[in-house]
Structures are given as structure tokens and as C-alpha cells.
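Read off the chains here:
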Protein chains: 2
Amino acid sequence: MDRLEDDVRVRLRQAAMALFEERGYERTTAAAIAARVGVTERTFFRHFPDKREVLFDGEAVLRTALTAAIAEAPGALGPLATLFWSFRSIRPLLENNRHYSEPRHALIARTPPLYERELAKTAALTDALVDALRLRGVADLRAALAARTGMAAFGHAVIAWLEDPEPGLGERLERTFAETVALVAEAGH
Amino acid sequence: MDRLEDDVRVRLRQAAMALFEERGYERTTAAAIAARVGVTERTFFRHFPDKREVLFDGEAVLRTALTAAIAEAPGALGPLATLFWSFRSIRPLLENNRHYSEPRHALIARTPPLYERELAKTAALTDALVDALRLRGVADLRAALAARTGMAAFGHAVIAWLEDPEPGLGERLERTFAETVALVAEAGH
DNA sequence: AGTGCCGATGTCAGTCACTGACAACAGGAG
DNA sequence: CTCCTGTTGTCAGTGACTGACATCGGCACT
């Protein structure tokens, strides 16, 4: 039912990704993306607030899944354990999207403006995690620190996995969590 | 010696900050900034690659200071302890700049495009920390994870301090480091 | 002093991201 | 058949940048 409504939107996303890969982000105009889909530039900007955003539609899905997972996590877990639990629980979501997110990540990594936007999305996600933790009764500053620390580990694991699928995502996550614990324990005087 | 050469550059920075505070970032054109200094818009863009960058000249100083500190840190320290040590050693630098960086932070925090650029600068700084740790013999992935985790704590402490000077920066740093240790220990099974 | 070089700036034209205003058009509800 | 609403096209305009070229004020070398 959204399929037809979002038809143009979806095709714009695909056309954008294709053109960015062909000619590169900078040398692809918004008008060119629109033209490939058969609409005007104006229509492109009605679907996406700016040219970069066309690659970042999926963020909301991840945010929803993560905040939901945090809400459903076992109540006994501390803030960081809650986050680790949530990261583990959305593994299938990430694994199913690998074929799409891997080339996307490569493109973003080599395109500064896109990388900037990615960082902003990650920051927004982190804020959402903070809110979710607060709903569980975690104090503000503590929630913020836990979210930052957790996202540091999560981001590290996901990027490592996107750039090399070798150990699976599950393995990457566990190793990263364990290494974080080791790293911090070692620094604790 | 640089004083006169960089005269225009410095004045552009100041004019930009002043205008952004008066009218807001969006409603301030690059031409307006240039005009206030008595140069043309073209000259503005010869000094700064883009409009946002005019607020981010200081980043290099911080990066230099931090990487130098990492190189000079006691050899016995582990990666994260090295970072904490470096963050502590940078404290005077930050404290001396508070009068400048506090309003700047407030402006950046309420201006999305500037916030994006700030995130990018922080990411670049993190990369520099990774390199500095590698020079000390820390393995790549381990260095990356330590840098991310360390920056999570450092960023959290600095922002909290910028938004409320109450406990001094030193106190903020120590509390944040300690809380990170506690948070992670608690999550370590 | 004269000459030549160089770095910083001005000028100008052009591209492209993005926006507001208004018209056109299609399908659905009444 | 008509009204309403949501999507798109059209057009004009602003502002961030960029490349090319001219100018101008030292500064070095002779």
C-alpha cells in the first residue's frame, strides 16, 4: 500500500545510489537523479530535504528497532549491558541488509559530505538511545555517557564487519564488547 | 609575524562569529561576513574552503596537542590509560579558551549544519588519536576501539563542562573516567 | 632606479543546491 | 458532476561555491 505511494521515492533512492557509484557523488546533480526517474528536480527536493538525505532513509528503522529493544531488555541489566543486549538483538536486521549497506558504506566512507551526514545520523541515534535509557530510569548524564560508550563499540563492530565480513557480525560484536571491557578494566587504575 | 599576514583571516573569523550570533548562521551570507571585514566574498572563500569552516580553525591546535601528549605519555600505560592521561594534560589549553569556546559551542549546538561539521572534526580528531596510538605499537583495531571509547568519554566531559562550568573541567574528566570504568565493569558479565 | 616575480585580492561569469509561489492534473468522496 | 486533496510541473530567485583572468603592492636581484 505504501509500495505505490512511495514508488517515486524508492526509485529516486535507487537512481541516486546508482549514479553516485557511476559518476561519484559530487559529479551527480540532483536534476540528473530526478531525470533518470522521469521527474523534475523540484520533485526530488519534495521527497528529500537535501541531496545527501536520499541515502539515509533507513535510519529511522534502525532507531525504532533499537529503542524498542532497549525498552524490552531484561530489567536487571545495567545501562551498558542493556545497550549491548539491544545491539545483539538487532543483528538479523543488519545482516539482512548487508548487500545494500555494504556498498553504501563504501560510498559514504569515500565521500566527505556523505560521511558528515552519517556522523550526524549516528549522533541522532545516540540521542535516541539516551532517551530510551532514561525511560528505564537511568539518570541523564549517566545515560548519555553509556550511550556514547555503547555506540562507540557498536559503530566500531559494525564498520569492521561491513569492511570485512570474515568473522560474522555476531562474532564482531562479542569480540568488541569483550575488548571494550578489557580496555577499560586495564585503564581503571 | 603571522599577525599581519593572517590579519584578514582572523578578522573574518571574528566577523563571522559576531554575525552568526546576531542574525543566526542561516541568515548570514558569506558576502556579508566579507563585507564587514572590507573584502570580497571571493576572498572569504580563499581563506576558508566553505562557510562552516570559518568556525573550525582551532581544531588543528587541539589535534597537535593531543597527539603530542600521546607520544609523550608514560610507556607503561595501556591504550585507554594513555588517552586519559593525554586528555588530562590538555586541560589548561581548554580552560584558557573557555571564554571563546563556550558561546561557540552554544551556537554550534543549535545550528545543525555547524553541528555536523563539528562531528566531522571530532571524527578526524579520533582518527589522529588512532594514528598516535599506533605509533606506540597498539594494534589497529584495538587502537580504533580505544580511540572511540576514549573520545566518547572526553567529548562527554568537555560538553558537560561547556554547558555548566560548575565542577571544573578536571573534576568532570575524573568523574567521567571513573564512571566509564564503573559502567563498563558493571556490563562485564 | 629599474625590472621581474609573487602572493593576496578584485572582478566576472557560471554551476548547482535549494526554496517559495502558483498552476495543472488525477483520483476519490460526496 | 463536482469538490477536495495530494502529487507534480513550472518558473523565478537566492546563496554557496569555483575557475579564469586582471591588478596591485612589496621584495629581491641587478
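Position numbers for residues start from 1 in each chain and track the written sequence from start to end. Each chain is given a letter, starting from A, and each ligand a number, starting from 1, according to the order in which they appear as written. Side-chain atom pairs in this predicted model are given and counted only at pLDDT of 80 or more, local residue features only at pLDDT of at least 70, and totals for whole chains, interfaces and linings cover all residues. Excluding hydrogens and water, the side-chain values take into account all heavy atoms of the structure.

### A closer look at the protein's contact with DNA strand C
Here comes step 1: Being near a molecule or strand, for a residue, comes down to having at least one heavy atom within 4 Å of it. Taken together, 17 residues lie around DNA strand C, and R42 and K51 of chain A together with T40, T43 and R46 of chain B are the ones closest in.
Here comes step 2: Among the atoms of DNA strand C lying within 4 Å of the protein, the sugar-phosphate backbone contributes 51%.
Here comes step 3: In the analysis that follows, any N or O atom pair within 3.5 Å is treated as a polar contact, provided that within protein one partner can donate a hydrogen and the other can accept it, and provided that, for residues neighboring in sequence, both atoms belong to side chains. Taking T40 of chain B, its side chain carries an N or O atom lying 2.9 Å from a phosphate oxygen of DNA strand C.
Here comes step 4: Secondary-structure elements contributing two or more residues to the surface near DNA strand C are helix 4 (41-47) of chain A together with helix 4 (41-47) of chain B.
Here comes step 5: The dominant element in the surface near DNA strand C, judged by the number of residues it contributes, is helix 4 of chain B, at four residues.
Here comes step 6: Across the surface near DNA strand C, the residue classes tally to five nonpolar, six polar and six charged. Think of it this way: any DSSP run of H or I at least four residues long counts as a helix, any run of E at least two long counts as a strand, and we number them from the N terminus. Classification convention: Asp, Glu, Lys, Arg as charged; Ala, Val, Leu, Ile, Met, Phe, Trp, Tyr, Cys, Pro as nonpolar; all other residues, Gly among them, as polar.

### Let's talk about the relation of the copies chain A and chain B
Here comes step 1: In this comparison the copies share one frame, found by least squares on the C-alpha atoms of residues holding pLDDT of at least 70 in both. Between the two copies, chain A and chain B, the superposition gives an RMSD of 0.0 Å; the rotation angle is 180° and the shift along the axis is 0.0 Å. Read as a symmetry element, the transformation amounts to a two-fold axis.
Here comes step 2: The contact criterion used throughout is that any non-hydrogen atoms of two residues lie within 4.5 Å. A symmetric contact is evident, with 100% of the interface residues of chain A recurring at the interface of chain B.

### Some thoughts on the interface of chain A and chain B
Here comes step 1: Opposite the 35 residues of chain A that make contact, chain B presents 35 residues.
Here comes step 2: Simply put, the buried area is the total loss of 1.4 Å probe accessible area from both parts when two parts are fitted together. Between chain A and chain B, roughly 3,100 Å² of surface is buried when both sides are summed, and carbon and sulfur atoms account for 67% of that area.
Here comes step 3: Interface area lost by chain A to chain B is led by E116, L145 and L183 of chain A, which between them contribute 20%.
Here comes step 4: One side-chain nitrogen of Lys or Arg within 4 Å of one carboxyl oxygen of Asp or Glu is enough to make a salt bridge. At the junction of chain A and chain B, the tally comes to eight salt bridges.

### Concerning the domain arrangement of chain A
All names here are of chain A.
Here comes step 1: Boundary definitions for the domains trace back to an automatic or database domain assignment. Partitioning chain A into structural domains gives domain 1 (2-54) and domain 2 (57-187).
Here comes step 2: Computed from C-alpha atoms alone, the centre-to-centre distance between domain 1 and domain 2 is 28 Å.
Here comes step 3: At the interface, 11 residues of domain 1 touch 11 residues of domain 2.
Here comes step 4: For the domain 1 face of the interface with domain 2, the top three residues by lost area are M17, R52 and E53, together amounting to 49%.
Here comes step 5: One can count six salt bridges joining domain 1 with domain 2.
Here comes step 6: A salt bridge links E21 to R110, with the nearest nitrogen and oxygen atoms 3.7 Å apart.
Here comes step 7: In this structure, the connection of domain 1 to domain 2 is made through five residue pairs in polar contact (both at pLDDT 80 or more).

### Re the side chain of E53 of chain A
Here comes step 1: As for its placement among the helices and strands, E53 of chain A is situated in the loop between helix 4 and helix 5 (59-72).
Here comes step 2: In this structure, E53 of chain A is in contact with F48, R117 and K121 of chain A, ignoring residues within four places of it in sequence.

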